[in-house]
Structures are given as C-alpha cells and as structure tokens.
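Notes for the structure review
Single-letter residue listing:
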Amino acid sequence: MTGRAVRRYRIEHRTKYSYSGEVINSYGRAYLTPRDLPGQRLLAHEIRIDPAPSDRSVGADVWGNITSYFHVTTEHRALTVVGESLVEVDAPARDDAGPAAEPWERARPTGANGPFAVEFALDLHPQEITSEIVAYAAESLRPGRPLLDAVVELNTRIYTDFAYRSGATTVSTRVADVFAARAGVCQDFARLAVACLRSHGLAARYVSGYLATDPPPGKERMVGADATHAWAAVWVPGADGPDRSGRWIDLDPTNDQLGDERYITAAWGRDYADVPPLRGIIYTDAKDSTITVSVDVTEVGVPGHLPAAREYGR
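Keep in mind it's a predicted model, so treat the numbers as computed, not measured. (Residues numbered from 1 in each chain as written. Predicted model: local features only at pLDDT ≥ 70, side-chain atom pairs only at ≥ 80, totals over all residues. Heavy atoms only, no water.)

**Focus: the overall build of the protein chain**
- Of regular secondary structure, the protein chain possesses 4 helices and 14 strands.
- Considering the protein chain as a whole, with its 314 residues, one finds that 47% of them fall into the buried category.
- For the protein chain, the accessible surface area stands at approximately 14,600 Å², while carbon and sulfur atoms represent 53% of it. (Helix = DSSP H or I, 4+ residues; strand = E, 2+ residues; numbered from the N terminus. Buried < 20%, exposed > 50% of the residue type's maximum accessible area, 1.4 Å probe, protein only. Areas by Shrake-Rupley, 256 points an atom, 1.4 Å probe, with all protein chains shown as cover.)

Below, the structure written as structure tokens:
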C-alpha cells in the first residue's frame, strides 16, 4: 500500500466504424491498454472486436506501451472495437523540493543523467519548434527559475491564451497552426506544451489516456460523455523512477492543473502519431465511412468527489 488515497476506475472505450460498402480486410492497431506503473495498477483488461478477427496479437513498443494488433477477414460494413479496463490510481506524492525546485536549466537531459529522456528533448520531423514557440516558452522559462514554477506558469498560460474549440483542428494539424489560431483541443494543447518545453532543451513527452470527470452540480453523470484525453509530461532528473534516472511530472494545459489520481495513463510517445488510440488499414470500394467514439470512466469501490474538469477530447 502507498499510504495515499487510492481510486479505482472502470473504463469502457468504444469505437465503431461504419462503411457505405463491404470491407473485405481490416488491419488494426490499438493503444487501449492502460499501463502498469508506479502509482497505477492495471487489474483487468479486455479488448473485444466485432466481427471477430482471424488473427490478433499483443506486444510492447519501444517505450513499453502495450499495443494490440488484429486482422479481420470477414466481410463487414461495420467494425466495433471495445476496450474495457479496471485500473487503480494512487494520489501522487507532491514534492516541491529537490530537483523540481532547482533552476530549470539543470533539468536538461544528457547521456549521463538521463539517457532514456534525451530523445524526448529532440524536435520532431517535420520540425514543430518555431521561433514563435521559442519566444512564447521563454516568457515562463526565465533564466534560473525553478522548474516546477516555470512549468506551472506555462501550463496556465496555454490554458488562458488558447480557446478550447472542438473541430478547430484535425489529428494532422501542425503545432504552428494551433499557435497561430489560438484554438484547439486537448491533443493540440498537449503537443504545444511539449514543443514549448523541448524548445529550451527540456525533455517532454505526449501522454494519451483518460480523465475521470464529474457532472455539473445537480446533474446525473452521463455515461459515454467522456473521451480520450491527452496531456504532457516533463522530465525531472534524480535518483527515482524505474530506471533510477529521474521522474516525469504530468501537466494538463487543457484544465490548468498537474496530473493527479484522476488521470489514467494508457500510453506515451514523442507525439500523438506515436500512440493514437486506434489506427488501421482497410480494403474496400466503399466511398464513405463514419466513426463514433465513446469513453466511459466510472469510479468504482472508492467513495469520494472528483472536481469538475473542462471538457476535452476530439
């Protein structure tokens, strides 16, 4: 036991594809399995696929995320993928001292102090870091400022300066376009925060997962009203962490808060493209298709109130 508050969640992530014609083959890859981590335990998990696949397998990617592959060979006009999970999450221990309280410049990873974090400090290809991103981040990452203070302020500034607007972007929208439009959704704000941190040499990763929410006061919780969520994480050097080379602090610019026991991590990577919840290839002559996604995160077995959160999800 951790000695800290523990919350248990049941998660149902349902995706349905509908096609105007027959699909003869469908290959899919899913990141729907929450991770087993210090402070997060995966108690049960299942992925159901209809039509049933003729072949499926499970493996781990380069960052240790669990990824599921499947191949459906039955002709179909609809494909449904449902991930169900039971997860326990501990309330994080807050440490305002130590490396997070030191000047942020000391958190830049090197091969000596953070060999597994170095790749998360590099820009993407095509490049996402622009001079505008560098200047925007510099307003919070002032010389000598404590890392945690700088990160918290950057988180708040993104929340304040950018409007949450569903439909304003797509999964292929560039960070520079989000910055220019000053609007987007959680995936965009996470990617913007990551680019800002990397623009000054810090290691930052994109995190995909779920966030438990409460309904407005006096209203019943709506099943299926939740969605996948995304946030960023910044690396902090030190002797803790599973590889004894530091730890990561989650920050959520969509809701202006640091990660806590409401956040359930499914996967992480350098960008959204590394860990989309579901992607695939189909063979069909169908001209049209639609996708519907619903996610339900329900707290079970542990009483308590969860603060309301800003809407999110694509």
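**Quick word on the sheet that holds strand β11 (residues 257–258)**
- Taken in spatial order, the 5 strands line up as β11-β10-β9-β8-β12 in an open sheet, and their pairing is antiparallel. With partners counted over all chains shown, the strands left at the sheet margins are β11 and β12 (263–269), one partner each.
- Sheet topology note: the strand β8 (residues 204–211)/strand β9 (residues 228–236) ladder contains 7 bridges and is antiparallel. Looking at the pairing, S208 lines up with A230 of β9.
- Against the sheet, helix α4 (residues 186–198) engages β8, β9 and β10 (247–252), with an angle of about 15° to β9. (Pairing = 2+ DSSP bridges. Contact = heavy atoms within 4.5 Å. Axes fitted to C-alpha atoms, helices over the stretch in contact; angles between N-to-C directions.)

**Concerning the packing of aromatic side chains**
- Enumeration according to the criterion identifies 10 aromatic pairs in this entry.
- Seen in terms of ring centroids, Y136 and F179 are 5.4 Å apart; in terms of plane orientation they differ by 80°. Their pairing is edge-to-face. Placement of Y136 in helix α1 (residues 131–138) and of F179 in helix α3 (residues 175–181) is noted, with a sequence separation of 43 residues between them. Grouping residues by exposure puts Y136 and F179 together as buried. (Phe/Tyr/Trp six-rings, centres within 6.5 Å; stacked < 30°, edge-to-face > 60°.)

**Brief notes about the confidence of the model for the protein chain**
- Overall, the predicted model of the protein chain reaches an average pLDDT of 90, with 88% of residues at or above 70.
- The low-confidence segment residues 303–314 (pLDDT under 50) makes 46 contacts with residues lying over four places distant or belonging to another chain. (pLDDT = per-residue confidence, 0-100.)

**Description of the pairing of strand β1 (residues 6–30)**
- Across 14 bridges, β1 lies against strand β5 (residues 76–90) in antiparallel orientation. Paired with R7 across the strands is V89, a residue of β5.
- Pairing geometry for β1 and strand β14 (residues 289–299), over 11 bridges, is antiparallel. Among the inter-strand pairings, Y17 is bridged to a residue of β14, identified as I291.
- Across 7 bridges, β1 lies against strand β13 (residues 278–284) in antiparallel orientation.

**Thoughts on a nonpolar patch on the surface**
- A cluster of nonpolar side chains, contributed by I24, Y27, I281 and Y283, occupies part of the molecular surface with about 400 Å² of accessible area.
- Of all the secondary structure elements, the ones that give two or more residues to the nonpolar patch are β1 and β13.
- Within the element layout of this structure, I24 appears in strand β1. (Patch = residues over 30% accessible without salt bridge, like charges linked within 9 Å, V, L, I, M, F, W, Y side chains within 5 Å. Salt bridge = Lys/Arg side-chain N within 4 Å of Asp/Glu carboxyl O.)

**Observations regarding the pattern of salt bridges**
- Per the stated rule, a full pass over the model turns up 15 salt bridges.
- Residues participating in the shared-partner salt-bridge network are R8, R41, E88 and D90.

**What about the pairing of β12?**
- Within β12, 7 of the 7 residues are buried, which leaves it mostly tucked inside the rest of the structure.
- Sheet topology places β8 next to β12; 6 bridges connect them, and they run antiparallel. Looking at β12, one finds that Y206 is bridged to G269.

**So, the side chain of T173**
- In this fold, T173 is placed in the loop between β6 (163–164) and α3.
- For T173, a relative accessible area of 16% translates into the label buried.
- Dropping the residues within four chain positions of it, T173 is found in contact with V178 and R191.

**A closer look at α1**
- All of the buried residues along α1 are I133, Y136 and A137. One face of α1 carries all of its buried residues, which in axial projection span an arc of 95°. (Arc of directions from axis to C-beta.)

**Regarding the side chain of H76**
- As for its placement among the helices and strands, H76 is situated in strand β5.
- Of note is the side chain of H76, whose polar atom sits 2.7 Å from the backbone oxygen of T74.
- Excluding residues that lie within four positions of it along the chain, H76 makes contacts with Y19, G21, E22, V23, S26 and P51. (Polar contact = N/O pair within 3.5 Å; in protein donor to acceptor, adjacent residues only side chain to side chain.)

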